[in-house]
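Close look at the chain arrangement
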Amino acid sequence: HLSPKAIADSVAGTAGVTPEALSAGLREHNHIPDFNPTRKLKFNQHTKSKPVKSSITKKKQAKNVVRAKDGSDTMLIMKRFCWRDFPELENILISHRREYLSFSSRNYSPAQKKFNNNLTASIIKTAEESGYKFSPQHFDFSAVRDRIRCFYKSYVQGEKKRLFSALAAASNAEESRAIEKEISFLDSRSSGTRKG
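Quick summary incoming for the structure in this document. Every value quoted in this text rests on a predicted model; they were computed, and no experiment measured them.

Analysis parameters
Residues numbered from 1 in each chain as written. Predicted model: local features only at pLDDT ≥ 70, side-chain atom pairs only at ≥ 80, totals over all residues. Heavy atoms only, no water. Axes fitted to C-alpha atoms, helices over the stretch in contact; angles between N-to-C directions. Helix = DSSP H or I, 4+ residues; strand = E, 2+ residues; numbered from the N terminus. Left-handed = near helix turned anticlockwise from the far one by under 90°. Contact = heavy atoms within 4.5 Å. Nonpolar A, V, L, I, M, F, W, Y, C, P; charged D, E, K, R; others polar. Expected span 1.5 Å × (residues − 1). Buried < 20%, exposed > 50% of the residue type's maximum accessible area, 1.4 Å probe, protein only. Arc of directions from axis to C-beta. Phe/Tyr/Trp six-rings, centres within 6.5 Å; stacked < 30°, edge-to-face > 60°. Lys NZ or Arg CZ within 6 Å of the ring centre and 35° of its normal. Core = buried A, V, L, I, M, F, W, Y, C linked by side-chain atoms within 4.5 Å. Salt bridge = Lys/Arg side-chain N within 4 Å of Asp/Glu carboxyl O.

All right, on to the packing of helix α6 (residues 97-104) against helix α9 (residues 173-189) then. It is the contact of α6 with α9, at a shortest axis distance of 8 Å, that shows an interaxial angle of 65°. As for the relative orientation of α6 and α9, their crossing is left-handed in sense. Listed contacts from α9 to R98, L101, S102 and S104 of α6 are E182, F185, L186, S188 and R189. Across the contact of α6 with α9, the residue classes tally to three nonpolar, three polar and three charged.

This part takes up helix α7 (residues 110-129). Look at α7: 28 Å from first C-alpha to last across 20 residues, which is about the 28 Å you get at 1.5 Å a residue. The set of residues buried in α7 consists of Q112, F115, N116, L119, T120, I123, T126 and A127. One face of α7 carries all of its buried residues, which in axial projection span an arc of 130°. Facing away from the buried side of α7 by over 90 degrees, the exposed positions are P110, K114, K125 and E129. Against the buried residues of α7 lie α5 (87-95), α6, β3 (132-134) and α8 (141-168). Looking at the residues trailing α7, positive phi occurs at G131, about 90°.

Throughout the structure, instances matching the rule amount to twelve aromatic pairs. Considering the side-chain rings of F86 and Y132, the 5.0 Å spacing of their centres and the 90° angle between planes classify their relative orientation as edge-to-face. Here Y132 lies in strand β3 and F86 lies in the loop between β2 (75-77) and α5, a separation of 46 residues in the sequence. Of the residues examined, F86 reaches a relative accessible area of 1% and is grouped as buried. Ring-pair connections join several aromatic residues into one group, and the members of that group are F81, W83, F86, Y100, F103, F115, Y132, F134, F139, F151 and Y152. In this structure, R97 is placed above the aromatic ring of Y155, and the distance from its NZ or CZ to the ring centre is 4.1 Å.

Relative to the helices and strands, S176 resides in helix α9. Beyond its immediate chain neighbours, meaning those up to four positions away, S176 contacts L167 and A170.

Ranked by size, the top nonpolar core spans 28 residues in total, and within it W83, L89, L93, L119, I123, F134 and I148 carry the most contacts. Put simply, the parts of the chain that give this core at least two residues each are α5, α6, α7, β3, α8 and α9. It is α8 that contributes the most residues to this core, seven residues altogether. The contacts of L93, once residues within four sequence positions are left out, are W83, L119, I123, I148, F151 and Y152.

In this section: the pattern of salt bridges. This model, assessed by the stated rule, comprises four salt bridges. In this structure, R149 and D146 form a salt bridge, with 2.8 Å as the shortest nitrogen-oxygen distance. With a gap of three residues between them, R149 and D146 both fall in helix α8, about one helical turn apart. Using a relative accessible area of 11% as the deciding quantity, one classes R149 as buried.

So this is what it looks like as structure tokens:
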């Protein structure tokens, strides 16, 4: 097999030019830049990404999550955590919101207690599967269940405010009736965010 240099010498000899001139011509024709190791270094220096500042949410979460002291990678969820900092948990609460509120207008029953307990167990299990654990110092089963109740209570309060604003801006009677119906639904369920 001929070496690259031998091939270049052969082609150059046939064309009547020196190998150096041939190489230069090919570079100019194909716009091949000369390799310059310092150029790549400068490019990397100028394009090196700057550290991204932590978001407010991450800062808040950092204050309410600490690493477990047992040497594992488990992070403990502390007392003043916010559900929105744990979307995998908040999504469960949102997906069961209507069902939870449906129990709220009734007298507290074994069925409601079972539902609440199952929901709480699901939250705890999902947290552990996601690498989190509710701090034993601040949470037992009933304390987690109470935080779930507070989540729905806050939702009802906030949603009612939003609906009253929407009612004031309603464009027709049909829209007003639909909003009033939803407000009535939430009013009848406010008491259902009771403990238990």
